[in-house]
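Listed below are the residues making up each chain.
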Amino acid sequence: KLLNSADFGVPQKRERVIFIGVRKDIKKDICFPEETHNPEGIDGKQKWVSVREAIDDLKNKEEDTSILQHIFTDHSPAFIEKIKNTPIGKSVNPKYVEAFFRCDPDKPSTTVKENHGGVFVHYEKNRVMTPRELARLQSFPDEFKFCGSKSSMLVQLGNAVPCGLSHAIAKEIKKLVD
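Here's what I pulled together on the structure shown here. Everything numeric here is computed off the predicted structure, so don't read it as measured data.

**A look at the overall build of the protein chain**
Point 1. Counting secondary structure elements, the protein chain contains 5 helices and 4 strands.
Point 2. Along its sequence from the N terminus, the protein chain presents helices and strands in the succession β-β-β-β-α-α-α-α-α.
Point 3. Taking the principal axes of its C-alpha atoms as reference, the protein chain extends roughly 65 × 35 × 30 Å.
Point 4. Summarising the internal contacts of the protein chain: among those between residues at least 6 apart in sequence, 54% fall at separations of at least 24.
Point 5. For the protein chain, the accessible area works out to roughly 10,100 Å², and carbon and sulfur atoms hold 54% of it.
Point 6. Of the side chains in the protein chain, 29 bear a positive and 26 a negative charge, and the two mean positions are spaced by 3 Å.

And the structure:
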């Protein structure tokens, strides 16, 4: 089934095809998780979580390389100028639509990808997002620590299944084995 992370409270529109299978001798119906969120917050569901809701409290925090892993990227003055001139919903480099994309703060982000360091641009600040901001978009708790260099953290984040979606799937699989 095609599942969208935003439908499970993740501040990111990340669609993934999920397969759940069981042995033939297990006589239980396979169920997929029921969505808890939708774009409008209607039909008994909550509204999608926005980028702003997920990371706004971090925008003025000082760099923290160890505990929070809120690690800034050094940009050249020329690149900062390009960022300043990039409107929300566009990329700093139009050649790469997803890399250096300035997210809409009032919607979930698009899919967090590793993009070889070409991560999202902050919606308000003239810089790219930090590993912790990207981790929040992936619904990792702040207590979760990533190992390795900042570059390694970005790879881990880009390859991860958002925690909120993983948790929803895991709850359904648990029902199969209980």
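**Comments concerning the nonpolar core**
Point 1. Counting residues in hydrophobic clusters, the biggest one holds 25 residues, and the most contacted among them are Val51, Ile55, Phe120, Met129, Leu134 and Leu137.
Point 2. Among the elements of the structure, helix 1 (51-55), helix 2 (77-84), helix 3 (131-137) and helix 4 (150-159) are those that each provide at least two residues to this core.
Point 3. Residues within four places of Ile55 in sequence aside, it is in contact with His122, Tyr123, Met129, Glu133, Arg136 and Leu137.
Point 4. One finds Leu3, Ile18, Ile20 and Leu165 within the second-largest nonpolar core, a separate group that totals 8 residues.

**Here's the deal with the packing of aromatic side chains**
Point 1. With the rule as written, the count across this model stands at 5 aromatic pairs.
Point 2. A centroid spacing of 5.1 Å and a plane angle of 70 degrees characterise the contact between Phe79 and Phe100, whose relative ring orientation is edge-to-face. One end of the pair, Phe79, is in helix 2; the other, Phe100, is in the loop between helix 2 and helix 3, with 21 residues separating them in the sequence.
Point 3. Three or more aromatic residues link up through ring pairs in this structure, and these residues are Phe140, Phe144 and Phe146.

**A look at unusual backbone geometry**
Point 1. A positive phi is found at Phe100, a non-glycine position, where the angle reads about 55 degrees.
Point 2. Positive phi is not limited to glycine here, since Ser139 has a value of about 65 degrees.
Point 3. Tracing the chain through its elements places Ser139 in the loop between helix 3 and helix 4.

**As for the state of the cysteines**
Point 1. Applying the stated criterion across every chain yields a total of 0 disulfides.
Point 2. No disulfide involves Cys103; its sulfur sits 18 Å from the nearest other cysteine sulfur, which is in Cys163.
Point 3. Residue classification places Cys103 among the buried residues on the basis of a relative accessible area of 1%.
Point 4. On the basis of relative accessible area, Cys163 is assigned to the partly exposed category, the value being 25%.

**What to know about the side chain of His75**
Point 1. With respect to the secondary-structure elements, His75 resides in the loop between helix 1 and helix 2.
Point 2. Separated by 3.2 Å, the side chain of His75 and the backbone nitrogen of Val128 make a polar contact.

**Some thoughts on the side chain of Ser5**
Point 1. Structurally, Ser5 is set in the loop between strand 1 (2-4) and strand 2 (15-17).
Point 2. Look at Ser5 and you get buried, because its relative accessible area is 0%.

**Focus on the pattern of salt bridges**
Point 1. For the coordinates displayed, the defined rule picks out 12 salt bridges.
Point 2. The closest approach of N and O atoms between Asp57 and Arg136, which form a salt bridge, is 2.7 Å. In this pair, Asp57 is assigned in the loop between helix 1 and helix 2 and Arg136 in helix 3, connecting sequence segments 79 residues apart.
Point 3. With a relative accessible area of 47%, Asp57 lands in the partly exposed category.

What counts as what
Residues numbered from 1 in each chain as written. Predicted model: local features only at pLDDT ≥ 70, side-chain atom pairs only at ≥ 80, totals over all residues. Heavy atoms only, no water. Helix = DSSP H or I, 4+ residues; strand = E, 2+ residues; numbered from the N terminus. Contact = heavy atoms within 4.5 Å. Areas by Shrake-Rupley, 256 points an atom, 1.4 Å probe, with all protein chains shown as cover. Lys, Arg positive; Asp, Glu negative; His and termini not counted. Charge placed at Lys NZ, Arg CZ, Asp CG, Glu CD. Core = buried A, V, L, I, M, F, W, Y, C linked by side-chain atoms within 4.5 Å. Buried < 20%, exposed > 50% of the residue type's maximum accessible area, 1.4 Å probe, protein only. Phe/Tyr/Trp six-rings, centres within 6.5 Å; stacked < 30°, edge-to-face > 60°. Disulfide = S-S within 2.5 Å. Polar contact = N/O pair within 3.5 Å; in protein donor to acceptor, adjacent residues only side chain to side chain. Salt bridge = Lys/Arg side-chain N within 4 Å of Asp/Glu carboxyl O.

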